[in-house]
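Inside the fold
Listed below, chain by chain, are the residues.
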Amino acid sequence: MHNSLEILLDSLIRNRIEALYSDLLKNNTIYNQFSSDRNLYFKQLHELLPQDMHKTLFLYDDADLSVHTILEREIYLQGFKDALQLHNELNITSN
């Protein structure tokens, strides 16, 4: 897939992922439990770490969230590519 198409899809992907998160927050108790646990553990680490390590913890959290954001986008984009490829293959075999 060309980079220009990926750029055009960025907004679509971002909006779709945001909608999926919104649905998770509303409807998925397991997700909400893990999210609450994560926030609790982060808070505990923040409280237990010495003051000079707080910035490192926030930097770690920021980097971790950034990695997950990139991963989500790439997974969604790959799924889109796979769907297009499957569609093309099905069209070829049916013709």
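Computed from a prediction, not measured in an experiment: that's the story for all the values here. (Residues numbered from 1 in each chain as written. Predicted model: local features only at pLDDT ≥ 70, side-chain atom pairs only at ≥ 80, totals over all residues. Heavy atoms only, no water.)

This brings us to the overall build of the protein. On a plain count of helices and strands, the protein comes out with three helices and zero strands. For the protein, whose C-alpha radius of gyration is 19 Å, the value lies well above the compact-globule estimate of 12 Å for 95 residues. With the principal axes as the frame, the protein shows a C-alpha extent of 65 × 30 × 20 Å. Sequence separation of 24 or more characterises 56% of the internal contacts of the protein that already satisfy a separation of 6 or more. Total accessible area computed for the protein in this model is approximately 7900 Å², and 61% of it derives from carbon and sulfur atoms. Once the 8 positive and 14 negative side-chain charges of the protein are each reduced to a mean point, those two points are 5 Å apart. (Helix = DSSP H or I, 4+ residues; strand = E, 2+ residues; numbered from the N terminus. Rg over C-alpha atoms; globule rule 2.2 N^0.38 Å. Contact = heavy atoms within 4.5 Å. Areas by Shrake-Rupley, 256 points an atom, 1.4 Å probe, with all protein chains shown as cover. Lys, Arg positive; Asp, Glu negative; His and termini not counted. Charge placed at Lys NZ, Arg CZ, Asp CG, Glu CD.)

Looking now at the side chain of histidine 54. Tracing the sequence through the fold places histidine 54 in helix H3 (residues 54-94). Dropping the residues within four chain positions of it, histidine 54 is found in contact with His46 and Leu49.

Attention shifts here to the packing of aromatic side chains. For any pair of aromatic rings, the description rests on two quantities: the centre-to-centre distance and the angle between the ring planes. This model, assessed by the stated rule, comprises two aromatic pairs. Residues tyrosine 21 and tyrosine 31 carry aromatic rings whose centres are separated by 6.2 Å and whose planes lie at 45° to one another, so their mutual orientation is tilted. With tyrosine 21 in helix H1 (residues 3-27) and tyrosine 31 in helix H2 (residues 29-48), this residue pair connects regions lying 10 residues apart in the sequence. Take tyrosine 21: its relative accessible area is 29%, and that puts it in the partly exposed class. On the basis of relative accessibility, which here comes to 28%, the residue tyrosine 31 falls in the partly exposed class. (Phe/Tyr/Trp six-rings, centres within 6.5 Å; stacked < 30°, edge-to-face > 60°. Buried < 20%, exposed > 50% of the residue type's maximum accessible area, 1.4 Å probe, protein only.)

In this section: H3. The end-to-end C-alpha separation of H3 is 60 Å, in line with the 60 Å expected for 41 residues at 1.5 Å each. Those residues of H3 not exposed but buried are His54, Leu57, Asp61, Arg73 and Leu77. (Expected span 1.5 Å × (residues − 1).)

Let us now look at the side chain of aspartate 61. You can see aspartate 61 is positioned in helix H3. Exposure remark for aspartate 61: the relative accessible area of 14% places this residue in the buried category. Aside from chain neighbours lying at most four places away, what touches aspartate 61 is Arg38 and Phe42.

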